[in-house]
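Each chain, letter by letter, is given below.
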Amino acid sequence: MATVTRENIGLLNDKITVKVSQEDYLPNFDKAVKQFSKAANIPGFRKGMVPAGMVKKMHGQALFADEVLKTVEKELMGYLQNEKLDIFAQPLSLEKESKNFDFNKPEEYAFDFEVGLKPSFEVSPLESGKTTLTRYKIKATDAEVEEEVKRLQIKGGNMTEPEAIDNEDNVLNVEFEECDAQGNVIEGGIKKDNSLLLKYFSASLQEQLKGKKTGDTLVFQLAPSFDAERLGWILKDLGFDEKDEAAAQKYFKLTITKVGLIEKRELNEAFFKEIYPNENITTEEAFKAKLKEEIEKYWDSESRNRLHNDLFETLVHETAMELPKDFLKRWLQTGGEKPKTAEEAEKEYPNFDHQLRWTLISDKLIRENQLEVSFEELREGAKQKLLGYYGAGAALDGADWLDSYLDRLMQDEKFVDQTYREMVTQKLFEWAETKVDLKEEEITAEEFAKLPHKHHHHEH
């Protein structure tokens, strides 16, 4: 009779030994031979009349090994289920080499497996008074609103072609040619077309460019001609690494191939209606008030995302939890689509560990606090996601085809699973917000953008 034994071999790491004797697998082997003989097509024999001896001679070893292994797997899975072992992934075989199966000499076989056990833990950061986080409130400034007004006016404006450069909003079509400091073009050097606003250049270069016309040229050095962010863009566009300091010292000859200027849209009711078709905006003041509301709504969303990220990092790194690292690293080597080396598994482990801790924590909190997403909520979430894809928002809501398309989407198991996970995770974060002390701090968008991210090393 089959026996299953278990012994501890490390932290949350057990070895399970399954022993099967011939009485456990031989009846199934004989049955498999009979079934094979009924279905086999072997020349010289009528279908269903192939002698068992012939089947054993031709396929006996494979059928025998298969039935032994199926018996072992059945016993192992039955043991895990009966003992209610909460394990990671699947058991790993500890067999170093293949067994020597011989159906002519049936005997007792023993197979060793190892399992990684899930830890028990408490989510202590959510205990009363344990965690304080900041929710940032970002107010839109008048300057930010004016900048957005200008951006929208330009976005909807018409392109004109002035004779000469005279405005920081001039669009310059240019050709860059690598050269020396004197403007001599380097043979085989970099040559690239680009399109830039005049205001992207440094103040001193802008002054040199003003008054220039199509066909005029100018020699400049990259590094002094752009701020750090735009210098990175230019370097990448020219084929360099954005942090290549040597490339940043190179000289280029700039030839103006076209000068453009977008004629800004007039701030009138027609323009307001174009931007906000569902709002009855008739004055410039109301238009700017709406823009301010939209900007602050965007920053509210960014602030909430930051808070949720802070919650994520706090829960992952401040929840005391032991994991069977050695087992998990071995599992990483064999558990994926492609086998990995020990070195590859070691390199991947920190990120894997980080995500695994979050999965265990979030699953526990969702289960214990009965956080669920109803079908109606799921469908509405899918609808909002769909409207977001089209970027049309409420404009598409109520369209005849929308409900039928949603019905088809709700049949897509992968889409539904992903949407459910996103929505239940959002519910988890919203619930977790109520379990920590939140202090509110009002800051500018510029200050918010410069805040360091809450980040920990992955190693625990």
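Scroll up to find the structure.
Caption draft 1: The arrangement of the overall build of the protein chain in detail. Looking only at helices and strands, one finds 15 helices and eleven strands in the protein chain. For the protein chain, the C-alpha radius of gyration of 34 Å lies well beyond 23 Å, the compact-globule estimate for 460 residues. Taking the principal axes of its C-alpha atoms as reference, the protein chain extends roughly 100 × 65 × 50 Å. For the protein chain, the proportion of its 460 residues judged to be buried stands at 38%. Excluding contacts between residues fewer than 6 apart, the proportion of contacts in the protein chain whose partners are at least 24 apart in sequence is 72%. By element, 47% of the accessible surface of the protein chain is carried by carbon and sulfur atoms, the whole surface being about 27600 Å². Of the charged side chains in the protein chain, 65 are positive and 91 negative, and the gap between their average positions amounts to 5 Å.

Caption draft 2: Spatial organisation of the pattern of salt bridges. By the definition in use, this model includes 39 salt bridges. The closest approach of N and O atoms between Lys99 and Glu95, which form a salt bridge, is 3.4 Å. The partly exposed category is assigned to Glu95, whose relative accessible area is 26%. The salt bridge partner of Asp169 is Lys199, with a shortest N-O separation of 3.3 Å.

Caption draft 3: Geometry of the nonpolar core. Membership of the largest hydrophobic core comes to 42 residues, with the highest contact counts inside it found for Leu126, Leu323 and Leu365. When residues of this core are traced back to their parent elements, those giving at least two are α9 (284-318), α10 (325-334), α11 (342-368), α12 (375-390), α13 (400-409) and α14 (413-433). Here this core gets eight residues from one element, more than from any other, and that element is α11. For Leu126, the residues in contact, after removing those within four places along its chain, are Leu315, Leu365, Trp431, Ala432, Lys435 and Val436. With 28 residues, the next largest nonpolar core counts Ala40, Phe64, Ala65 and Phe103 among its residues.

Caption draft 4: Structural view of the packing of aromatic side chains. With the rule as written, the count across this model stands at 22 aromatic pairs. Plain terms: the ring middles of Phe176 and Phe252 are 6.1 Å apart, the flat faces sit at 50° to each other, and that makes the pair tilted. Taken together, the residues span a long stretch of sequence, with Phe176 in strand β7 (residues 170-179) and Phe252 in strand β10 (residues 251-263) at a distance of 76 residues. Comparing Phe176 with Phe252, the two get one shared label, buried. Taken together through their ring pairs, the aromatic side chains of Tyr25, Phe29, Phe64, Phe101, Phe103 and Tyr109 make up a single cluster. The ring centre of Phe111 lies 4.9 Å from the NZ or CZ of Lys99, which sits over that ring. In this structure, Lys290 is placed above the aromatic ring of Tyr276, and the distance from its NZ or CZ to the ring centre is 5.8 Å.

Caption draft 5: Fine view of the environment of Asn280. By the secondary structure assignment, Asn280 is in the loop between α8 (269-275) and α9. Among the residues examined, Asn280 registers a relative accessible area of 74% and is labelled exposed. Taking the C-alpha atoms as reference points, Asn280 and Glu269, eleven residues apart in sequence, are found 9.0 Å from one another.

Caption draft 6: Highlighting the layout of surface pockets. Its boundaries defined by the atoms lining it, the largest pocket holds a volume of some 560 Å³. Taken together, 19 residues form the lining of the largest pocket, with Glu147, Arg151, Lys199, Tyr200 and Arg230 sitting closest to its centre. Only α3 (142-155), α6 (228-237) and β10 provide two or more residues apiece to the lining of the largest pocket. When residues in the lining of the largest pocket are grouped by element, the largest group, six residues, is from α3. Taken together, the residues of the lining of the second largest pocket sort by class into three nonpolar, two polar and six charged.

Caption draft 7: Structural detail: the sheet that holds strand β1 (residues 3-10). Ordered in space as β1-β2-β4-β3, the four strands form an open sheet in which the pairing is antiparallel. The open sheet terminates on both sides in strands that have one partner only, identified here as β1 and β3 (92-93).

Basis of the calculations
Residues numbered from 1 in each chain as written. Predicted model: local features only at pLDDT ≥ 70, side-chain atom pairs only at ≥ 80, totals over all residues. Heavy atoms only, no water. Helix = DSSP H or I, 4+ residues; strand = E, 2+ residues; numbered from the N terminus. Rg over C-alpha atoms; globule rule 2.2 N^0.38 Å. Buried < 20%, exposed > 50% of the residue type's maximum accessible area, 1.4 Å probe, protein only. Contact = heavy atoms within 4.5 Å. Areas by Shrake-Rupley, 256 points an atom, 1.4 Å probe, with all protein chains shown as cover. Lys, Arg positive; Asp, Glu negative; His and termini not counted. Charge placed at Lys NZ, Arg CZ, Asp CG, Glu CD. Salt bridge = Lys/Arg side-chain N within 4 Å of Asp/Glu carboxyl O. Core = buried A, V, L, I, M, F, W, Y, C linked by side-chain atoms within 4.5 Å. Phe/Tyr/Trp six-rings, centres within 6.5 Å; stacked < 30°, edge-to-face > 60°. Lys NZ or Arg CZ within 6 Å of the ring centre and 35° of its normal. 1 Å grid on protein atoms, 1.4 Å probe; cavity = no way out; pocket = protein on both sides within 12 Å on 5 of 7 lines; lining within 4 Å. Points joined across faces, edges and corners; volume = space filled by probe spheres on them. Nonpolar A, V, L, I, M, F, W, Y, C, P; charged D, E, K, R; others polar. Pairing = 2+ DSSP bridges.

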